[in-house]
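Listed here are the chains, written in short residue letters.
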Amino acid sequence: MNYQRELDMLLAKLEKSGEVPRLLLHSCCAPCSSYVLEYLSDYFEITVFYYNPNIFPESEYTKRILEQQTLIGEMQVKYPISFLAGHYDREKFYKMAEGLEHLKEGGERCLKCYELRLRESAQIAKKGGFDYFTTTLTISPLKNADRLNEIGKKMEEEYGVTYLQSDFKKKNGYKRSIELSKEFNLYRQDYCGCEFSLAEAQKRRNYEK
Ligand code: SF4
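Rules and cut-offs
Residues numbered from 1 in each chain as written. Predicted model: local features only at pLDDT ≥ 70, side-chain atom pairs only at ≥ 80, totals over all residues. Heavy atoms only, no water. UniProt positions renumbered as here; feature names shortened; annotations may be inferred. Near = heavy atom within 4 Å. 1 Å grid on protein atoms, 1.4 Å probe; cavity = no way out; pocket = protein on both sides within 12 Å on 5 of 7 lines; lining within 4 Å. Sits in = over half its atoms within 2 Å of the grid points. Helix = DSSP H or I, 4+ residues; strand = E, 2+ residues; numbered from the N terminus. Nonpolar A, V, L, I, M, F, W, Y, C, P; charged D, E, K, R; others polar. Points joined across faces, edges and corners; volume = space filled by probe spheres on them.

The protein is annotated in an unreviewed UniProt entry as Epoxyqueuosine reductase QueH from Claveliimonas bilis. Database annotation for the protein, UniProt heading Catalytic activity (unreviewed entry): "epoxyqueuosine(34) in tRNA + AH2 = queuosine(34) in tRNA + A + H2O". Under Pathway (unreviewed entry), UniProt gives the following word-for-word description of the protein: "tRNA modification; tRNA-queuosine biosynthesis."

Set out below in structure tokens:
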């Protein structure tokens, strides 16, 4: 499926109708959200939902959440962007990751991690009466958009809120996120988020020395 073409078609339809739906956008971090916000805030009234109980250590979590709020405050957008913080429920993440700690990034643990965050997003979208929900995660070249979209559609079926399918790395989305990160002087971490991905990054750093 060409997610970008489908999204373009939807955006053209919205523009024509003058409708501005409410979108709950799960965000993993400010840099990844930068392009998505620039792109989608012309069409949706967005609430950024920061729900990332995977992030380790807590100081990193604090850094990323503050950076996210700063970015929202500084971006010039057509429709206003709101912010909502989820619970920093680390126990939930570790329970989910049990037995999968040794796996490399991109494996089974990550699929479950996506589902954990998308499930919470779908529940919040349902409670808040949002028209759509989605995630910034497909912007990463390290994340599989097919699997993310499959999980999103499964959550759509379970909770009855439309999941906006995406592949935000298309149309040079990833490249644009790097440009915007420079423009807004954003902190860009070099690991995905959990302590297992931090250990992988540390090995990488040692190897590169
Ligand atoms: S590597 Fe990233 S996606 Fe995978 S479990 Fe860790 S934080 Fe989640």
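For the rest of this paragraph, the subject is the site of the ligand. Every residue close to the ligand is listed here: Asn54, Glu105, Arg109, Cys110, Cys113, Tyr114, Arg117, Cys192, Cys194 and Ser197. Spatially, the ligand is embedded in the largest cavity. In terms of residues, the shell around the ligand owes the most to one element, helix H5 (residues 108-127), which gives five residues. Among the residues making up the shell around the ligand, the classes are represented as five nonpolar, two polar and three charged.

Glancing now at the layout of surface pockets. Counted as a void, the largest pocket has a volume near 480 Å³. In terms of lining, the largest pocket is formed by 23 residues, of which the most central are Cys32, Ser140, Gln189, Tyr191 and Cys192. Taken together, the residues of the lining of the largest pocket sort by class into 11 nonpolar, five polar and seven charged. The computed volume of the second largest pocket comes to approximately 180 Å³. Secondary-structure elements contributing two or more residues to the lining of the second largest pocket are helix H1 (3-17), helix H6 (145-159) and strand S5 (162-163).

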